[in-house]
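As a plain string of letters, each chain reads:
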Amino acid sequence: ITEQVDRNKVVTNEFIYWKKSYELGLDTIDQHHKILVGHINNLNQSVTEKAPAEKLVMLFNRLLEYADFHFHYEEELMQKYKYSTSADHIKAHQNFALEVTRFIQEYNESGSVVSIHLIEFLRDWLLLHIIKEDKKLVKEILSKKILAA
């Protein structure tokens with residue numbers, strides 16, 4: 001639901017609002033990031049609505065599967081363009097996947113409640129990763145593309 005408050009501000013029920021400043025200049029990566037944001041927004045909405053455990057596990061798995069697809073895409077670019085700090089970037093991807101996998105296992109074993117803190121972790125990790133790590137990656141890739149042209 002979107003409701004107009006004034007000409008400059010729109011209020012929605014989204015957890016993460018996509019901003020132009022998150023766009024990095026490589027269309028495929030930007031599109032992947034928007035899809036990841038959508039997965040986190042769907043998860044947040046389901047947690048807020050107290051969705052059944054099966055649905056939450058399905059949504060976490062979808063997020064993890066898509067993140068894995070996206071990370072592999074970025075890692076192929078790192079290899080292709082010989083990204084200078086690829087080891088650190090890949091380690092960040094692995095840590096994210098481990099954290100989400102650990103949560104899914106704990107949730108499956110204990111049936112505990114999904115905490116808003118976890119959803120906030122997902123949001124904060126993704127947005128920080130985009131504006132710091134991925135921004136550096138794309139900047140280096142684009143500079144190497146220009147030099148190769």
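Before reading on, note that the structure itself is shown above.
Residues numbered from 1 in each chain as written. Predicted model: local features only at pLDDT ≥ 70, side-chain atom pairs only at ≥ 80, totals over all residues. Heavy atoms only, no water.

**A few points about the nonpolar core**
Item 1. Core analysis: the biggest nonpolar cluster contains 42 residues, and I40, L43, F60, V114, I119 and L122 have the highest contact counts within it.
Item 2. Breaking this core down by element, the ones donating at least two residues are α1 (27–48), α2 (53–80), α3 (86–110) and α4 (116–148). (Core = buried A, V, L, I, M, F, W, Y, C linked by side-chain atoms within 4.5 Å. Buried < 20%, exposed > 50% of the residue type's maximum accessible area, 1.4 Å probe, protein only. Helix = DSSP H or I, 4+ residues; strand = E, 2+ residues; numbered from the N terminus.)

**Points about the packing of α1 against α2**
If you want to describe how two helices pack, look at the angle between their axes and the distance between the axes.
Item 1. The contact between α1 and α2 brings their axes to 10 Å, and the two run at 165°. It follows from the interaxial angle that α1 and α2 lie roughly antiparallel. In this structure, α1 crosses over α2, and the sense of that crossing is left-handed. (Axes fitted to C-alpha atoms, helices over the stretch in contact; angles between N-to-C directions. Parallel < 35°, antiparallel > 145°, perpendicular 65-115°, else oblique. Left-handed = near helix turned anticlockwise from the far one by under 90°.)

**What about the environment of H93?**
Item 1. Here H93 shows up in helix α3.
Item 2. Expressed as a C-alpha distance, the spacing of H93 and H129, which sit 36 residues apart in the sequence, is 9.3 Å.
Item 3. Leaving out residues up to four positions away in the same chain, H93 has contacts with F71, E74, E75, M78, W125 and H129.
Item 4. Polar contacts involving the side chain of H93 include one to the side chain of E74, which spans 2.9 Å.
Item 5. At a separation of 3.2 Å, a polar atom in the side chain of H93 contacts the side chain of H129. (Contact = heavy atoms within 4.5 Å. Polar contact = N/O pair within 3.5 Å; in protein donor to acceptor, adjacent residues only side chain to side chain.)

**Description of the packing of aromatic side chains**
Item 1. Summed over the entire model, instances satisfying the criterion amount to 7 aromatic pairs.
Item 2. A ring pair is formed by F60 and F103, whose centres lie 4.8 Å apart and whose planes are at 50°; its orientation type is tilted. With a gap of 43 residues between them, F60 in helix α2 and F103 in helix α3 connect regions that are remote in the sequence. Exposure class is identical for F60 and F103. Each is buried.
Item 3. Between Y66 and F69 the ring centres are 5.4 Å apart and the planes differ by 50°, which places this aromatic pair in the tilted class. Here Y66 pairs with F69, and both are found in helix α2, just 3 residues apart, close to one helical turn.
Item 4. Judged by its relative accessible area of 16%, Y66 is buried.
Item 5. When its relative accessible area of 46% is taken as the criterion, F69 is described as partly exposed.
Item 6. Here a set of aromatic residues connected by ring pairs shows up, and it is made of F71, F96, F121 and W125. (Phe/Tyr/Trp six-rings, centres within 6.5 Å; stacked < 30°, edge-to-face > 60°.)

**Some details on the pattern of salt bridges**
Item 1. For the coordinates displayed, the defined rule picks out 6 salt bridges.
Item 2. The closest approach of N and O atoms between K20 and E23, which form a salt bridge, is 3.2 Å.
Item 3. A residue is classified by how much of its surface remains accessible, and K20, at 66% relative accessible area, is exposed.
Item 4. In this structure E23 comes out as partly exposed when scored by relative accessible area, which is 27%.
Item 5. With a shortest N-O distance of 2.4 Å, R102 and E99 are connected by a salt bridge. With R102 and E99 both in helix α3 and 3 residues apart, the pair spans about one turn of that helix. (Salt bridge = Lys/Arg side-chain N within 4 Å of Asp/Glu carboxyl O.)

**Overview of empty space enclosed by the protein**
Item 1. Inspection of every chain in the model, using the stated rule, returns 1 cavity of 30 Å³ or more.
Item 2. Here the largest cavity defines a volume of roughly 30 Å³.
Item 3. At the level of secondary structure, the elements contributing two or more residues to the lining of the largest cavity comprise α1, α2 and α4.
Item 4. The element contributing the most residues to the lining of the largest cavity is α2, with 3 residues. (1 Å grid on protein atoms, 1.4 Å probe; cavity = no way out; pocket = protein on both sides within 12 Å on 5 of 7 lines; lining within 4 Å. Points joined across faces, edges and corners; volume = space filled by probe spheres on them.)

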